Amino acid sequence: MSSSPVHVDRYVVVGNPVAHSRSPEIHQAFAAQFGDVIEYTRAEVTLGGFKAFADEFAQSGGRGMNVTVPFKRDAFDYVTTRDDLAACAGAVNTISFAQNFAQNGHSQGFNTDGVGLLNDLVQRHRLALSGRVVLLLGAGGAAAGVIAPLLGAGVKQLIVANRTVAKAQALVAHLQERLGDNIPLAAAGLNNITAPVDIVINATSFSLGGGAVPVAPHIIKGTFCYDMSYGPAAEFCRWAAQNGANTSVDGLGMLVEQAAVAYYLWRGNHPETDPVVAHLRDSL
Ligand code: NAP
């Protein structure tokens with residue numbers, strides 16, 4: 001007697017490089033919570049090769065994709081529809097492909113970084129955001145993804161400070177165009193941050209290139225510091241703890257939370273994140 005083949009939904013994380021990505025083990029841990037059997041692989045795609053890879057993956061039945069550096073903008077351009085957070089960010093980190101993609105070519109793009117950050121800050125670290133002054137370091141894809149959610153959480157002022165000031169200004173202008181001129185959002189250079197701030201979020205990749213911490217120590221004194229990097233790359237988190245931050249945490253929780261939102265978008269189930277964060281923490 002022959003049995004019909006078991007259908008397994010296929011997902012992939014795309015980046016360059018991507019070998020370091022923890023997404024496959026995170027999503028397999030989520031799947032195990034629901035008894036789901038999924039396939040989740042990594043794909044290192046050549047620069048300029050995003051569209052061809054995505055088309056081939058989706059046409060062969062792939063259901064979802066996580067997108068990391070440097071393809072979040074390519075993913076934004078690729079998808080046929082985008083949610084509001086992706087539109088605000090100008091970047092997509094999660095794609096859901098239509099079941100009949102081969103016929104209609106439909107794909108939906110999302111940006112889960114901001115909700116992931118908020119869930120980590122508010123639920124795991126019990127941080128109140130309403131009425132606080134927040135300094136966001138960096139104006140790349142990760143920074144772009146978290147601005148609208150931070151504003152939505154009621155921060156009093158959000159300052160985007162970047163090494164290349166023009167990029168921070170362009171990001172602020174893009175958000176003002178979408179959300180209105182009166183949003184409490186301003187651009188700055190890393191050397192002209194004047195306001196006392198309550199919360200500092202590092203969304204730069206300075207530690208990956210071996211650069212110096214991009215902010216003066218007096219800025220972070222007594223603040224809550226959050227480093228989107230984690231593991232050995234969480235240089236800002238360690239430096240802030242040693243230089244007078246009130247609290248300093250890394251971005252491992254955000255990594256798992258943004259993945260949990262992606263899992264929900266794909267499969268309609270909300271995974272438990274605490275055990276997955278604890279497991280990853282032990283293995284770092
Ligand atoms: P990206 O788009 O390449 O942007 C990099 C940013 O870092 C730019 O603002 C860049 O400034 C700045 N930068 C790079 N080197 C610097 C230096 N030496 N000094 C000062 N600024 C420097 O990267 P991304 O996607 O935004 O990612 C940024 C970081 O967030 C990465 O470390 C990434 O791993 C992390 N991340 C974590 C999560 C999570 O879930 N935990 C999610 C997304 C991203 P210029 O504009 O001047 O070049």
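Reference entry: report on the structure contained in this document. This one's a predicted model, so the numbers in the text were calculated from it and none came from an experiment.

1. Describing the packing of aromatic side chains
Then, number 1: Within this structure, the stated rule accounts for 10 aromatic pairs.
Then, number 2: An angle of 20 degrees between the planes, with centres 5.8 Å apart, marks the rings of Phe 34 and Tyr 263 as stacked. Taken as a pair, Phe 34 in helix 1 (residues 23-34) and Tyr 263 in helix 11 (residues 252-267) lie far apart in primary sequence, 229 residues in all.
Then, number 3: Here Phe 34 falls in the partly exposed class, since its relative accessible area comes to 31%.
Then, number 4: A residue is classified by how much of its surface remains accessible, and Tyr 263, at 0% relative accessible area, is buried.
Then, number 5: Ring pairs connect the aromatic residues Phe 53, Phe 57, Phe 97 and Phe 101, which therefore count as one cluster.
Then, number 6: When the ring centre of Phe 76 is taken as reference, the NZ or CZ atom of Arg 82 above it lies at 4.5 Å.

2. Some points on unusual backbone geometry
Then, number 1: The omega angle of the peptide bond from Asn 16 to Pro 17 is 5 degrees, so this bond is cis rather than trans.
Then, number 2: The residue Pro 17 is located in the loop between strand 1 (9-15) and helix 1 in this model.
Then, number 3: Going from Val 69 to Pro 70, the amide bond is cis rather than trans, its omega being 5 degrees.
Then, number 4: Tracing the chain through its elements places Pro 70 in the loop between strand 3 (64-67) and helix 3 (72-78).
Then, number 5: For Arg 126, which is not glycine, the phi dihedral falls at a positive 55 degrees.
Then, number 6: Locating Arg 126 in the fold gives a position in the loop between helix 6 (113-124) and strand 7 (133-137).

3. Thoughts on the sheet that holds strand 3
Then, number 1: Here we have six strands laid out as an open sheet, ordered 2-1-3-5-6-4, and mixed in their pairing. What marks the edges here is a single partner per strand, and that holds for strand 2 (38-44) and strand 4 (81-82).
Then, number 2: Helix 1 contacts strand 1, strand 2 and strand 3 of the sheet and is inclined by roughly 170 degrees relative to strand 2.

4. Looking at the side chain of Ser 107
Then, number 1: Following the sequence through the fold, Ser 107 ends up in strand 6 (residues 107-110).
Then, number 2: The exposure class of Ser 107 is buried, given its relative accessible area of 2%.

5. Examining the site of the ligand
Then, number 1: Around the ligand there are 24 residues in total, and Ala 142, Asn 162, Thr 164, Lys 167 and Met 228 lie nearest to it.
Then, number 2: Within the backbone of Ala 142, an N or O atom sits 2.8 Å from an oxygen atom of the ligand.
Then, number 3: Between an oxygen atom of the ligand and a side-chain N or O atom of Asn 162, the distance comes to 2.7 Å.
Then, number 4: Here the ligand has 930 Å² of accessible area as a free molecule, and 80% of this is covered by the chains.
Then, number 5: Counting only elements with at least two residues in the shell around the ligand, the list comes to helix 7 (141-152) and helix 11.
Then, number 6: Counting residues per element, the shell around the ligand draws most heavily on helix 11, at three residues.
Then, number 7: Across the shell around the ligand, the residue classes tally to 10 nonpolar, 10 polar and four charged.

Conventions and cut-offs
- Each residue is numbered by its place in its chain's sequence as written, counting from 1.
- Local features in this predicted model are restricted to residues of pLDDT 70 or higher, and side-chain atom pairs are both shown and tallied only at a pLDDT of 80 or more, whereas totals for entire chains, interfaces and linings draw on every residue.
- Calculation of side-chain values draws on the structure's entire complement of heavy atoms; hydrogens and water are dropped beforehand.
- For this analysis, a ring pair means two rings from Phe, Tyr or Trp (six-membered ring only for Trp) whose centres lie within 6.5 Å, classed as stacked if their planes differ by under 30 degrees, edge-to-face if by over 60, and tilted for the remaining angles.
- Under the scheme used here, helices are H or I runs from DSSP no shorter than 4 residues and strands are E runs no shorter than 2 residues, and both carry numbers assigned from the N terminus.
- Residue exposure (1.4 Å probe, protein chains only): buried if accessible area is under 20% of the type maximum, exposed if over 50%, otherwise partly exposed.
- Our definition puts a charge over a ring when NZ of Lys or CZ of Arg is within 6 Å of the ring centre and also within 35 degrees of the ring normal.
- Two strands qualify as a pair provided DSSP detects at least 2 bridges between them.
- The contact criterion used is simple: two residues touch if any of their non-hydrogen atoms lie within 4.5 Å.
- Fitting a line to C-alpha atoms yields each axis, with helices limited to the stretch in contact; the angle taken between N-to-C directions then spans 0 to 180 degrees.
- Put simply, a residue is near a molecule or strand once any heavy atom of it comes within 4 Å of that molecule or strand.
- Counting of polar contacts relies on pairs of N or O atoms within 3.5 Å, with two restrictions inside protein: one atom must be capable of donating a hydrogen and the other of accepting it, and residues adjacent in sequence are counted only when both atoms are side-chain atoms.
- In short, Shrake-Rupley with a 1.4 Å probe defines the accessible areas, and a residue's cover is counted only from the protein chains shown.
- Three residue categories are used. Nonpolar comprises Ala, Val, Leu, Ile, Met, Phe, Trp, Tyr, Cys and Pro, charged comprises Asp, Glu, Lys and Arg, and polar comprises the others, including Gly.

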